[in-house]
Amino acid sequence: MKSIRRIVSLLLPVCMLLAIAACSNSGNNSQPTPSPTSSPGGQPVQAAPLSTEPQYGGSATFYSEELKAIFDPSMDDSYSYALWFEGLWSIDWAGQDFGFKSKYITYDHLAGQIADTWEFDEEAAVLTVNLRQDVYFQDKAPYNGRQLTAKDVEWSFCRLLGLNGYPKVETTGNANWAVSLSNLAGVTVLDDYTIQFQLNTPTEVALNTFMTVGASVNIGGPEWDELTPEQQSSVDYAAGTGPYILKELSVDNYAIFEKNPNYYDYDERYPENRLPYLDTIKLVYIADSANILTQFIAGELDYIGWRSNLLSASQRSQLESALDSSAYTRYPYDTGPMSIGVKMNTEPFNDVRVRRAMQMAIDLNTTTVYTTGEPSPKVVVPGLWSTAMVDCTSVGSGTWGEEITSQFSYDVEGAKELLAAAGYPNGFEFTIVLPPVADTDLYMLAKNYLAAVGITMNIETVSTVPELMPIQANPEDSRAYFSGIVGTDSISGAVTNLFVPNGVSYGFFYEDTEEGKQFIDLLYNMVEATELDKFNEYARAADQLFAEQRWAIALAGNSYVYDYMSSHIGGYTGEKVKANLNMRTIYARLWSTTGT
């Protein structure tokens, strides 16, 4: 039996998601490198805060990716505007080293939120969780300030799967709880503050998966089911145990939150300080990046940050030219590049020499400067995993020999020689399909590089992301496609997004190749691993095979997502917001340096 009392990071479960979802979310799990410096190259420009000590009161305005009139606890963690909710666990705030900054999140990075202590009986595959006894719902309908108990936790989990007689709820957004919580076999309430979770298998990986997914489950109570549909869609009934109370919402415009005066948690850095510090938080959605830039420069927006860059390289330069460096802090977060996804069942892409030639035709030094806006002394190209995924990637581990690394060097003549050897001395022509979220200019840059070795890339676009999905998944459609899977920093993004809907074919290749079968075996070994060390061993092997075979053509090296925090805000040290796993935790611990 193992006793645990710590804040844990996230390893998402194997879900049947599509690769395009990973592309649009690639920045969400980016890894920060927040050592203060004024030098270029992806390092933060450190602001001089107006007050280094926490203050109560004041307000802040933060960017939000979206704001919907969805308040049901069953929402997935992409709806991170739900500051009124909490989960059993959250990402550790107290361990200031924040291990999740340098690798993917596992249960070793989680700490208790509503959960107080927990222990795992490995033989019985039972996780027993003792709840905090000082947690109360916000003083508004439908809970009206009552104390939270284990029955609320039971209701929150069981309705997602239809367990214990609770009707299975129709979830909103991208949540597929039946898949992500598939290793949860049962839930038992032992007393008012103790609950047990029965897992399907007694393994470390099963525990890790359940806890990291369970941290995303919002805890509500059965009173929610007694509300009418009209009440469930009203701000007046959006309630939970979180640090902020939703007071006003304008869909895809703004949301206003006020401090929860009865919040139970304290700041680990200042143990006598009850949270939260700010009186008011306003979340705003701004569709136009020029407007985001203008509002930040004008002091109307305190935080710019999300899954991907919200400002272009030129707009970032404008911001940094317009403001003194003491007015903000810039935080760069390592992320992976966009790429060309090609299908292995189609000529000429079924020849690895062609794929390697295409990679050698791309000047990664130039494209990396284009995507980051800054020169890089050394272009690092990830394989399957981002180089920030230190436990999974084989990059830098000494296993990549010259045969692999040379493929990422710009070599026009070498590319032509490989094409000739593969039977394409005059090159060939192909078509790629891009969604509206793609950086078309980057792909036009790649088009010009490929043309220099005789390859003609025609570019088609679709008006919506869903239009691309059947093209990507159809083995009879020979067109290439937009992809962000290279250098992913999400386990689910890299493993599960290689599966297309029928579960037989894979996004980059098909099972009729020897290498494809080898890669599939590694993926299944990862899924079925019972120990994290073994999981990581298979992950590194898959990463190297991915790099050897060039199953996607990287269009840049590792690039950065840039977040900006105004010096009006104190208490922030660069923790990347990872949706509901830590957004509430971070925002509760920020203060206004001016007290306004």
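This report concerns the structure included in the present document. (Residues numbered from 1 in each chain as written. Predicted model: local features only at pLDDT ≥ 70, side-chain atom pairs only at ≥ 80, totals over all residues. Heavy atoms only, no water.)

1. So, empty space enclosed by the protein
To be explicit about the condition: In this analysis the probe radius is 1.4 Å and the grid spacing 1 Å, with only protein atoms considered; a cavity is a set of points the probe fits into but cannot get out of, a pocket is an open set with protein on both sides within 12 Å along at least five of seven lines, and lining residues have an atom within 4 Å of a point. Grid points are joined across faces, edges and corners, and a volume is the space filled by probe spheres set on the points. A run of H or I in DSSP counts as a helix once it spans at least four residues, and a run of E counts as a strand once it spans at least two, with each numbered from the N terminus. Three residue categories are used. Nonpolar comprises Ala, Val, Leu, Ile, Met, Phe, Trp, Tyr, Cys and Pro, charged comprises Asp, Glu, Lys and Arg, and polar comprises the others, including Gly.
Under the defined criterion, the tally for this structure stands at 5 cavities of 30 Å³ or more. Every residue lining the second largest cavity is listed: Glu86, Gly87, Trp89, Ser90, Gln113, Ala215, Pro243, Tyr263, Asn580, Arg584 and Thr585. Every element with two or more residues in the lining of the second largest cavity is listed here: strand 4 (89–91) and helix 17 (583–588). Its residues placed into classes, the lining of the second largest cavity shows 4 nonpolar, 5 polar and 2 charged.

2. A short note on the pattern of salt bridges
Just so we agree on the cut-off: We define a salt bridge as a contact between a side-chain nitrogen of Lys or Arg and a carboxyl oxygen of Asp or Glu at a distance within 4 Å. Throughout, exposure labels follow a simple rule: accessible area from a 1.4 Å probe, protein chains only, divided by the maximum for the residue type, with under 20% read as buried, over 50% as exposed, and the rest as partly exposed.
Tallied over the entire structure, the rule returns 18 salt bridges. Residue Asp152 is joined to Arg146 by a salt bridge in which the shortest nitrogen-to-oxygen separation is 2.6 Å. Arg146 is the salt-bridge partner of Glu223, the closest N and O atoms lying 2.5 Å from each other. Remark: Arg146 occurs in the loop between strand 7 (126–131) and helix 2 (150–161) and Glu223 occurs in the loop between helix 4 (204–214) and helix 5 (229–232); sequence separation between them is 77 residues. A relative accessible area of 18% places Glu223 in the buried class. Here the salt bridges share partners, and the residues they tie into one network are Arg132, Asp134, Asp265, Glu268 and Arg589.

3. Looking at the pairing of strand 6 (residues 115–121)
Cut-off, in case you're wondering: For two strands to be treated as a pair, DSSP must find no fewer than two bridges joining them.
Bridging between strand 6 and strand 7 involves 6 bridges; their strand directions are antiparallel. If you follow Asp121 over to strand 7, its bridge partner there is Val126. Between strand 6 and strand 7, which pair antiparallel and follow one another directly, the connecting turn spans 4 residues, one of which, Ala125, has a positive phi of 60 degrees.

4. Section: the packing of helix 15 (residues 514–528) against helix 16 (residues 532–549)
What counts here: With axes taken as lines fitted to C-alpha atoms, and helix axes fitted only over the stretch in contact, angles between N-to-C directions fall between 0 and 180 degrees. Convention used here: angles under 35 degrees read as roughly parallel, angles over 145 as roughly antiparallel, angles from 65 to 115 as roughly perpendicular, and any remaining angle as oblique. Crossing handedness is read from the near helix: turned anticlockwise from the far helix by less than a right angle, it gives a left-handed crossing, and turned clockwise, a right-handed one. It only takes one pair of heavy atoms within 4.5 Å for two residues to be counted as in contact.
Contact geometry of helix 15 with helix 16 gives a least axis separation of 8 Å together with a crossing angle of 155 degrees. Regarding the angle of helix 15 to helix 16, the classification is roughly antiparallel. Crossing hand, helix 15 versus helix 16: left-handed. Contact residues: Glu515, Gln518, Phe519, Leu522, Asn525 and Met526 in helix 15; Phe535, Tyr538, Ala539, Ala541, Ala542, Leu545, Phe546 and Gln549 in helix 16.

5. Remarks on helix 11 (residues 412–421)
Rule in force here: An arc is given here, and it is the one of the directions from the helix axis to the C-beta atoms.
Within helix 11, the full set of buried residues consists of Gly414, Ala415 and Leu419. Along the axis of helix 11, the buried residues cluster in a sector spanning 140 degrees; they form a single face. Looking at the buried residues of helix 11, the elements they touch are helix 8 (352–360). At the exit of helix 11 stands Gly423, carrying a positive phi of roughly 95 degrees.

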